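Structural overview for review
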Amino acid sequence: MNAGIKPTDECLVKHNLVKNHQLDYVVYKIEGDKIVPAQQSPAEERKGKGADTGFKEIYQTFVDALSEADGARFATLDFKYTVENAPRDKLTFIYWCQEGTKVKERMISASTFQSFSAKLDVAKKIQCSEVSELEYDRTAAVIVMATDSAAAASAELATIAAGDAHVRVRETALEKL
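Residues numbered from 1 in each chain as written. Predicted model: local features only at pLDDT ≥ 70, side-chain atom pairs only at ≥ 80, totals over all residues. Heavy atoms only, no water.

1. Structural notes on helix H2 (residues 55-67)
Between the first and last C-alpha of H2 there are 18 Å, a value that for 13 residues agrees with the 18 Å anticipated at 1.5 Å per step. Taken together, the buried positions of H2 are Phe 55, Tyr 59, Phe 62, Val 63, Ala 65 and Leu 66. Projected down its long axis, H2 carries its buried residues within an arc of 160°, all on one side. (Helix = DSSP H or I, 4+ residues; strand = E, 2+ residues; numbered from the N terminus. Expected span 1.5 Å × (residues − 1). Buried < 20%, exposed > 50% of the residue type's maximum accessible area, 1.4 Å probe, protein only. Arc of directions from axis to C-beta.)

Here it is, written out as structure tokens:
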């Protein structure tokens, strides 16, 4: 199902800036019958690739921006992590819709998620409704499982401790092996 809501050209430009490492993330929202950029980091695009250090602080700012939003949001994120001591980054699309979101908005944003994410070249799509689902270690585990080899995923999962999520993610990874 498609709600007929389409991203503006500016959304696609901002997405490409994240893809080219000129922005860390862009948060999008639905306004009327279109998707528009709502927030980005950094405020101005940079000329080269951003530093890999300090990403957890940037990520926490990103999570705060989503959790404080008044309604559903989409985001493109250049997620940085390490596997076997090698720094990596994956272009990730996140759909955020809190539990308290009105039913009509929830339905429109869910159908828009499919069509919007299909227009973007991303390595992983994640859907979240609670802040705990956006914890850095949990997100890293999901991305590692989706994009890296099973051996690397197993090694990384052994070092990620995200409570019960760790156990569920690890069991799923082992089932895939």
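2. Digging into the nonpolar core
Grouped together as the largest cluster of nonpolar side chains are 21 residues, with contacts concentrated most on Tyr 59, Phe 62, Leu 77, Phe 79, Ile 94 and Leu 134. Of all the secondary-structure elements, those providing two or more residues to this core are strand E2 (25-31), H2, strand E4 (73-83), strand E5 (86-96), strand E6 (124-128) and helix H4 (136-147). Excluding anything up to four places from it in sequence, Leu 77 contacts Val 18, Asp 24, Tyr 25, Phe 55, Tyr 59, Phe 62, Lys 90, Leu 91, Thr 92 and Ile 94. Among the nonpolar cores identified, the runner-up in size contains 18 residues, and Leu 17, Leu 91, Phe 116 and Val 122 belong to it. (Core = buried A, V, L, I, M, F, W, Y, C linked by side-chain atoms within 4.5 Å. Contact = heavy atoms within 4.5 Å.)

3. Considerations on the environment of Phe 116
Along the chain, Phe 116 turns up in helix H3 (residues 103-118). Separated by 23 residues in the primary sequence, Phe 116 and Phe 93 have C-alpha atoms spaced 9.8 Å apart. The contacts of Phe 116, once residues within four sequence positions are left out, are Pro 7, Cys 11, Tyr 28, Ile 35, Phe 74 and Phe 93.

4. Notes on helix H1 (residues 9-19)
Restricting attention to buried positions, one finds in H1 the residues Cys 11, Lys 14, His 15, Leu 17 and Val 18. Down the axis of H1, the sector holding all buried residues measures 155°, keeping them to one side. At the C-terminal side of H1, His 21 shows a positive phi close to 65°.

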